[in-house]
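Structural description and commentary
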Amino acid sequence: MLLHRTTAAAAVVFHRTTTKISLLLFSTSTAPKPFAKIPWKYRSKAIQESQAALLDYLHTTRALPFLYADHISRNSPQCLSKVVSKVPFSPSNFLCSFQRFLRYHPINELEFLLESIGLNCDENETARDILPKNTFFISDWKRFDVVCALGGMGFPWRKLGLLCRDDCSIFGVDPSHLERRIGEIKGIGFNGVSVISIALAFPQVLYSNADGLLGDLKLLMLDYDLLSAVDGNVDTVLEVCEKIKLFYDLGCEMGKVGELMGRSKCIFVEYSKEHLIGKIEYFCRLNVRRDQVGLLLLSRPEIFGFGLEGRVISVSGFLAHFGMEEEALKSLEQKYPHVFGRNRLENVPCVMRAMDIGEWFFERLQNGDPALLTAYTMPCSEDLDKHYEEGLRKLQDKRTRAYMKTKLDFIHSLGFGENKFAVKALSQMHSSSSELQQRFDLLLSCGIEYSKLCALLKYAPRILNQKPGQLEKKIEYFCTEMGASLQYLDVFPGYLCHDLEKRIKPRYRFHKWLKEQGYSKKNYSMATIIASSEKTFIARISRMDHAAAKMWENLQK
């Protein structure tokens, strides 16, 4: 019944979409550019002809209602390009050749359908899960009636894939239940556009209990009248819903933050989603609970207006500005000298983590005045390190200036200040900033604390010159085979710089054998075993047993 609700007038409106829009759609895909094999001067015409042929195939041959056939033919560039690539191209008779191909080579219509609603099977695992095995025709897919029902209720065809962002539950819902559920949500006071936008951002409202969420949205959108501040179309309301979703993704409890959101509704109107994400990520780098970040930002919306980029601070002056006592400040300077000096305000979260005071700083923001972030002004001469500037001049030249700049920015982003330790790290780290970041993140994921990892790099920056796989194997061997705690790396950071197969394993196993055989009466530290020179290592074994020393030398040949 739903299939027959579309009118001829609606079909004509959809069919009049210009080729320009179609081409724009094709060019924004993250997959390889469609129709790349067709010469450029024929490409636009070939796209139009292949779309027309696909439309005719779906509507005339496969008896699909015109409106749905039109949606699918215009919005599945990747699938269409794959089929077109199988047809020899000729400018004079391409349309006939493509029509003939479709006549004798049935296509996987479901892949076209899913791409048209925003689920590309090559890129999206959810889309692959939806596809039933050995089913190629839309008429054989029992869930198509759900797609049709949603389209008939006014959901934008190209955005239906958003309903599957978390799982595919929506396709298991009976269409009549969807209609009833949408009616219930409208009964709360939302209009049709709002219901569609809410469902696209929060698909669970259509098939599960979402009273808490809907209560928050009612407070924010209706009671605090947020909807009156945005244009009443699906795209703009959906954008607002996507911003709201950011805070639930942080862990804010549904049903508990509607009032708080309502009092801070300006942030959902005045700032872009990218701007909100930037501020959220900034404070999440303090490594505090994510829901606390969300509550802070909702309770102090003025933070979103702070400009945090480009400003330079003195770390010691900034901490004093936030109320740190002089004695505590001196203690931090002694423990974390690599952090002090100048840095940028945008790096402050990692600066705090590098000194293990992220929670202290966050509490100051929560309980004090967040405007302190931007109220700080640095005297011109404060923490100006002439040795740092001189060290940089020695390392840089015209050919490597840009490369060194990105690497230096990475070092400061970790929390290193403008000091001799940053210059040392710059001189010893020999990979790109993206590779260095990948290795740093890997070591964090292995369980090394942020502040301790920065301290390790203060002593041994070369740690980050190694490939992730090598680092991971060394950590695994260190903890499992050697039975050591990651805390021991504080004493012996050089462990991560030695070769695992040629140095660490042979020496550790040989010393273990010496102990088992009774040659070694003393428990040597790992640093003594691994870091000592080969000459010192052999001399130590010789004092235990000359035959054992000879055995080691033979093993090394």
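Here goes a summary of the coordinates provided. Once a new chain begins, its residue numbering starts again from 1 and follows that chain's sequence as written. With pLDDT at 70 or above as the cut-off, local features in this predicted model cover only qualifying residues; side-chain atom pairs require 80 or more to be listed or tallied, and sums for whole chains, interfaces and linings still use all residues. To get the side-chain values, take all heavy atoms of the structure and skip hydrogens and water.

When its secondary structure is counted, the protein shows 32 helices and 2 strands. Note on method: radius of gyration uses C-alpha positions; expected globular size equals 2.2 Å times residues raised to 0.38. Its C-alpha atoms give the protein a radius of gyration of 32 Å, clearly above 24 Å, the size a compact globule of 557 residues would have. With respect to the three principal axes, the spread of C-alpha positions in the protein is 95 × 60 × 50 Å. Across the 557 residues in the protein, those meeting the buried criterion constitute 47%. Between two residues, a contact is recorded if the distance between any of their heavy atoms is within 4.5 Å. In the protein, 73% of the contacts between residues at least 6 apart in sequence involve partners at least 24 apart. All accessible-area figures derive from a Shrake-Rupley calculation using a 1.4 Å probe, and residue coverage is judged against the displayed protein chains alone. Only carbon and sulfur atoms are counted for the fraction: they give 51% of the accessible area of the protein, which is about 27,600 Å². Charge assignment: positive for Lys and Arg, negative for Asp and Glu; neither His nor the chain ends contribute. We put the charge of a Lys on NZ, of an Arg on CZ, of an Asp on CG and of a Glu on CD. Treating the 74 positive side-chain charges of the protein as one cloud and the 64 negative ones as another, the clouds have centres 8 Å apart. Going along the chain from the N terminus, every DSSP run of H or I of four or more residues is numbered as a helix, and every run of E of two or more is numbered as a strand. Only protein chains enter the calculation, and the probe is 1.4 Å; a residue is then buried if its accessible area is under 20% of its type maximum, exposed if over 50%, and partly exposed in between.

Attention now moves to a negative patch on the surface. Residues Asp356, Glu359, Glu363 and Glu449 make up a contiguous surface patch of negative charge. A relative accessible area of 39% places Glu449 in the partly exposed class. Every patch collects residues that have over 30% relative accessible area and no salt bridge, joining them within 9 Å if they carry like charges and within 5 Å if they are nonpolar side chains (Val, Leu, Ile, Met, Phe, Trp, Tyr). What makes a salt bridge here is a side-chain nitrogen of Lys or Arg within 4 Å of a carboxyl oxygen of Asp or Glu, nothing more.

Looking now at the side chain of Arg353. Within the secondary structure, Arg353 sits in helix α20 (residues 348-354). Although buried, Arg353 forms no salt bridge, and the nearest oppositely charged side chain, Asp356, lies 7.5 Å from it. With residues up to four places along the chain from it excluded, the contact list for Arg353 reads Arg285, Leu286, Asn287, Tyr450 and Ser451.

Now for the packing of helix α23 (residues 386-395) against helix α25 (residues 420-428). Where α23 meets α25, the closest approach of the two axes is 9 Å, and the angle between their N-to-C directions is 15°. When the interaxial angle is binned, α23 and α25 end up roughly parallel. Crossing of α23 over α25 shows right-handed handedness. Where α23 abuts α25, its residues Tyr388, Gly391, Leu392 and Leu395 lie against Ala422, Val423, Leu426 and Ser427. Partitioned by chemical class, the residues of the contact of α23 with α25 number 6 nonpolar, 2 polar and no charged. Angles shown run from 0 to 180 degrees and are taken between the N-to-C directions of axes, each axis being a line fitted to C-alpha atoms and, for helices, limited to the stretch in contact. Angles are sorted into four bins: roughly parallel if under 35 degrees, roughly antiparallel if over 145, roughly perpendicular if 65 to 115, and oblique for all others. We call a crossing left-handed when the near helix sits turned anticlockwise from the far one by less than a right angle, and right-handed when that turn is clockwise. Each residue is assigned to one of three groups, with Ala, Val, Leu, Ile, Met, Phe, Trp, Tyr, Cys and Pro labelled nonpolar, Asp, Glu, Lys and Arg labelled charged, and all others, Gly among them, labelled polar.

Counted according to the given criterion, the structure contains 20 salt bridges. Of the charged contacts in the structure, one is a salt bridge between Asp235 and Lys159, with a shortest N-O distance of 3.4 Å. A residue pair is termed long-range when its members are at least 10 positions apart, and Asp235 in helix α13 (residues 234-249) and Lys159 in the loop between α9 (144-152) and α10 (175-188) qualify at 76 residues. Lys159 gets classed as partly exposed once you look at its relative accessible area, which sits at 25%. In this structure, the salt-bridge partner of Glu242 is Lys273, at a minimum N-O distance of 3.6 Å. In this pair, Glu242 sits in helix α13 while Lys273 sits in helix α16 (residues 273-284), placing the two residues 31 residues apart along the sequence. Glu242 sits in the buried class, given a relative accessible area of 13%. Given a relative accessible area of 27%, Lys273 falls into the partly exposed group. Connected via shared salt-bridge partners are Arg344, Glu346, Lys405 and Asp409.

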